[in-house]
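# Remarks on the overall topology
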Amino acid sequence: MADVDQGSAAPTESSPAMDSLNGIDTNGTDAAVNATVAKFVATPEGTALAYGSLVFMALLPIFFGALRSVSCSKSKVAAENGYEYRSSSDMPETITSRDAARFPIIASCTLFGLYLFFKIFSEEYINLLLSMYFFVLGILALSHTLSPFMNRVVPASLPNKQYQLLFTQGTGESKEEIVNYEFDTRDLFCLAISTVVGVWYILKKHWVANNLFGLSFALNGVELLHLNNVSTGCILLGGLFVYDIFWVFGTNVMVTVAKSFEAPIKLVFPQDLLERGLNASNFAMLGLGDIVIPGIFIALLLRFDVSLKKNTRTYFYTSFLAYIFGLGLTIFVMHTYKHAQPALLYLVPACVGFPVVVALLKGELTDMFRYEETVPETEGNPKEEITETEKKDQ
């Protein structure tokens, strides 16, 4: 939803904005303004490195988030069949067609609300509140991202104590669980690492810390936000396609919010890295909306591939390559016309069109649009399967 931008003087300036993935788009600053502020003209090598790195970073959360969404979907099936699962944080949120239809409207209201806030109140105090908000969210997101990796690298011989955080409301038969979260020593270690990154981001606003949080937000979004069927995905992408074009080309609201909003809701990479190293300050950037929104559709197609039980990932790889094509086309058009572009203008037709054409050629178009994520009949004892998985993780 955010556009691909040609750069800015600092990672916290002219950044695309999204309210926790709720689709706030931006129209980046003009290249001439960037040159004036940063007093630096990017070399062809620096520009190629920056945009190549952005494309590579965008692909990581889509690919691994889609793979993790399959496991996440299995945990949801187990829970809906009445079996316990170790962590409630792994449970996905399902997006219905009604949610998809309302999403562009909510995103527009959020964007315009931020615009009014920045016009009425002090930008410094608003960004202070937003920084603390994303500081907490970033720590939780990064911790959740690191957890599976930590389970693999930490030796099983090390002690791993189990903990439970439980909040209830009421007493007796009327007692109701508000929070019931189980975690272990490895989760606490992930939380400690994430907190260090969070403090680094708050104090320095360094672009590496920004990207660590941004990649975590994107991966968690692709993993935990599930479209219930392909039609819902088309509604969501179609609505945000119109939303993106209107707010980017139709008003200056996007530019105002982008220049004022400071949060790790974009990926950035310096175009002057070769000249200035880690202290570089002329950034190319990509909003998380351009990763998460197509990403959850690509993840849905992977789960559709799995449901076909053909041991192929045709639709996943097709949509994944389509994403690369759409993002590359966005960058090409931006440099041709010297103006920041709304990436969904190119990503939506590519990510929807390519898989539909493949399904049409294979005669599976009807199956694709009939596919819906429901609770299948489980074979065997799912509780035993989950227990075995936990043993392997430990």
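Look above for the structure.
In what follows, the accompanying structure is described. Just so it is clear, the structure is predicted and the values come from calculations on it, not from any experiment. (Residues numbered from 1 in each chain as written. Predicted model: local features only at pLDDT ≥ 70, side-chain atom pairs only at ≥ 80, totals over all residues. Heavy atoms only, no water.)

## Remarks on the packing of aromatic side chains
A complete count under the given rule lists 17 aromatic pairs for this structure. Chaining the aromatic ring pairs together yields one cluster made of Phe63, Phe64, Phe316, Tyr317 and Phe320. In this structure, lysine 205 is placed above the aromatic ring of tyrosine 201, and the distance from its NZ or CZ to the ring centre is 5.3 Å. (Phe/Tyr/Trp six-rings, centres within 6.5 Å; stacked < 30°, edge-to-face > 60°. Lys NZ or Arg CZ within 6 Å of the ring centre and 35° of its normal.)

## Some details on the pattern of salt bridges
For the structure on display, the rule yields six salt bridges. For arginine 68, the salt bridge goes to glutamate 223, with nearest N and O atoms at 3.2 Å. Of this pair, arginine 68 sits in helix H2 (residues 44–80) while glutamate 223 sits in helix H6 (residues 207–224), placing them 155 residues apart in sequence. Taken together, the shared-partner salt bridges in this structure form one network comprising Lys310, Lys362 and Glu364. (Salt bridge = Lys/Arg side-chain N within 4 Å of Asp/Glu carboxyl O. Helix = DSSP H or I, 4+ residues; strand = E, 2+ residues; numbered from the N terminus.)

## Some remarks on the nonpolar core
Grouped together as the largest cluster of nonpolar side chains are 84 residues, with contacts concentrated most on Leu54, Phe261, Ile291 and Tyr323. Among the elements that take part in this core, helix H10 (residues 289–308) stands out by supplying 11 residues, more than any other. Once residues within four sequence positions are removed from consideration, isoleucine 291 is found in contact with Ala58, Pro61, Ile62, Ala218, Val222, Leu267, Leu286 and Tyr323. (Core = buried A, V, L, I, M, F, W, Y, C linked by side-chain atoms within 4.5 Å. Buried < 20%, exposed > 50% of the residue type's maximum accessible area, 1.4 Å probe, protein only. Contact = heavy atoms within 4.5 Å.)

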